[in-house]
Amino acid sequence: MRNALRTLKPTRRLTTTALTVVGTAGIAATTLAGTAHAEAPAKPTAKPAAIESAASTAQHVSAQAAQAAKAEDEAGGQKYADNLDGWIREARAIMAKHDIPGSYEGIKRNIIRESAGDPNAVNDWDINAKKGTPSKGLLQVIQPTFDAYHVEGTPDDLTDPVANIVAACNYAADRYGTMDNVDSAY
């Protein structure tokens, strides 16, 4: 957007500067308000601190864009957010390539029940934990199950959100037909 200067009242001016970044980074805006007397022209209100603030905002937006660019789909260059929604969407894209069933709603419902959306969740109290193999990750998978149902092309890391979802859905498809059929601990 371009700088716009408009008079709101005879004694007040408002200057707005907005930086727009295309993509998932979003829009950053800095608003500077200043006052002037009706009888004297207003002096510019942008000072070095305001310019530094705008530059800092631009750097933050640029860092967000770089982070979003890292979360790309392995084949099509599709970008996914680094959050629960993005992890589920990326996992479903990989699952589709490997004919692993599971709806967004079914996966999310099970994630919320199992880990409340925490990819680093660890169950250290159930029977699996007592046997030395605690359930981990978004869908609380144990290491032997992850190893058996890991899908090539995803990280070989039990707590990687996408790898955890895909392996758990692969297991649920084998055992229950789809993750959508799972309504309790599995």
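That block above? That's the structure.
This report concerns the structure included in the present document. (Residues numbered from 1 in each chain as written. Predicted model: local features only at pLDDT ≥ 70, side-chain atom pairs only at ≥ 80, totals over all residues. Heavy atoms only, no water.)

**Details of the side chain of Asn164**
On the secondary structure map, Asn164 appears in helix α6 (residues 161-176). For Asn164, a relative accessible area of 0% translates into the label buried. Here Leu158 takes part through its backbone oxygen, which lies 2.9 Å from a polar atom of the side chain of Asn164. Every residue in contact with Asn164, bar those within four places of it in the chain, is listed here: Lys136, Gly137, Leu138, Leu139, Gln140, Val141, Phe146 and Leu158. (Helix = DSSP H or I, 4+ residues; strand = E, 2+ residues; numbered from the N terminus. Buried < 20%, exposed > 50% of the residue type's maximum accessible area, 1.4 Å probe, protein only. Polar contact = N/O pair within 3.5 Å; in protein donor to acceptor, adjacent residues only side chain to side chain. Contact = heavy atoms within 4.5 Å.)

**What to know about the side chain of Thr178**
Along the chain, Thr178 falls in the segment after α6. Overall, the relative accessible area of 11% leaves Thr178 in the buried class. Once residues within four sequence positions are removed from consideration, Thr178 is found in contact with Pro101, Gly102, Ala172 and Ala173.

**Let's talk about the pattern of salt bridges**
This structure, assessed with the given rule, holds three salt bridges. Arg89 is the partner of Asp85 in a salt bridge, and the nearest nitrogen-oxygen pair spans 3.0 Å. Here Asp85 pairs with Arg89, and both are found in helix α2 (residues 84-97), just four residues apart, close to one helical turn. Overall, Asp85 belongs to the partly exposed group, its relative accessible area being 29%. The partly exposed category is assigned to Arg89, whose relative accessible area is 45%. Between Arg109 and Asp183 there is a salt bridge; the shortest N-O distance is 2.7 Å. With a gap of 74 residues between them, Arg109 in helix α3 (residues 104-115) and Asp183 in the segment after α6 connect regions that are remote in the sequence. Note on Arg109: relative accessible area 34%, which makes it partly exposed. (Salt bridge = Lys/Arg side-chain N within 4 Å of Asp/Glu carboxyl O.)

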